[in-house]
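Analysis of the macromolecular model
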Amino acid sequence: MTKKLVIKVTAGADAPERCSQAFTVAAVAVASGVDVSLWLTGESSWFALPGRAAEFELPHAAPLPDLIESILAAGRITLCTQCAARREITEKDVIEGVRIAGAQVFVQEALADGTQALVY
């Protein structure tokens, strides 16, 4: 059975350490062969847009664009439907490979057999 990890990140530039930790854990899990689904909600929603991750800085942390690239290479990144709508972000606006989906999909993923869910 493949291990599965669903991570919901609610923090962005407003809480940089918590934000960076979520992306770092997701990238390390992907590199370890874990099936990862990273959900962007709240202030992290902005990182679904091209170029926004490059604006994020945190000393002694891996660059956010690199983490996103590694997560997308073997995992999934999803932008919350309501969070996208509140920020007027549409499917045509997001980085290639990022999907927009709602709470029903999140719950389905988080409650799947063999899945661990984390929220940052």
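Residues numbered from 1 in each chain as written. Predicted model: local features only at pLDDT ≥ 70, side-chain atom pairs only at ≥ 80, totals over all residues. Heavy atoms only, no water.

**Quick look at the packing of helix H1 (residues 16–31) against helix H2 (residues 64–74)**
- Two numbers describe how H1 lies on H2: the axes approach to 9 Å, and their chain directions differ by 40°. One finds that H1 runs oblique with respect to H2. Judged by the twist between their axes, the crossing of H1 over H2 is left-handed. From H1, Phe23, Thr24, Ala26, Ala27 and Val30 reach across to H2, where they touch Leu64, Leu67, Ile68, Ser70, Ile71 and Ala74.
- Here the contact of H1 with H2 is composed, by residue class, of 9 nonpolar, 2 polar and no charged. (Axes fitted to C-alpha atoms, helices over the stretch in contact; angles between N-to-C directions. Helix = DSSP H or I, 4+ residues; strand = E, 2+ residues; numbered from the N terminus. Parallel < 35°, antiparallel > 145°, perpendicular 65-115°, else oblique. Left-handed = near helix turned anticlockwise from the far one by under 90°. Contact = heavy atoms within 4.5 Å. Nonpolar A, V, L, I, M, F, W, Y, C, P; charged D, E, K, R; others polar.)

**Here we look at unusual backbone geometry**
- The backbone of histidine 60 shows a phi angle near 65°, a positive value even though the residue is not glycine.
- With respect to the helices and strands, the residue histidine 60 is situated in the loop between strand E2 (35–40) and H2.
- A positive phi angle is found at glutamate 88, which is not glycine, with a value near 55°.
- Note that glutamate 88 resides in the loop between helix H3 (81–86) and strand E4 (98–101).

**Looking at the side chain of threonine 78**
- Within the element layout of this structure, threonine 78 appears in strand E3 (residues 76–80).
- For threonine 78, a relative accessible area of 0% translates into the label buried. (Buried < 20%, exposed > 50% of the residue type's maximum accessible area, 1.4 Å probe, protein only.)

The values reported here are purely geometric and, on their own, carry no functional implication.
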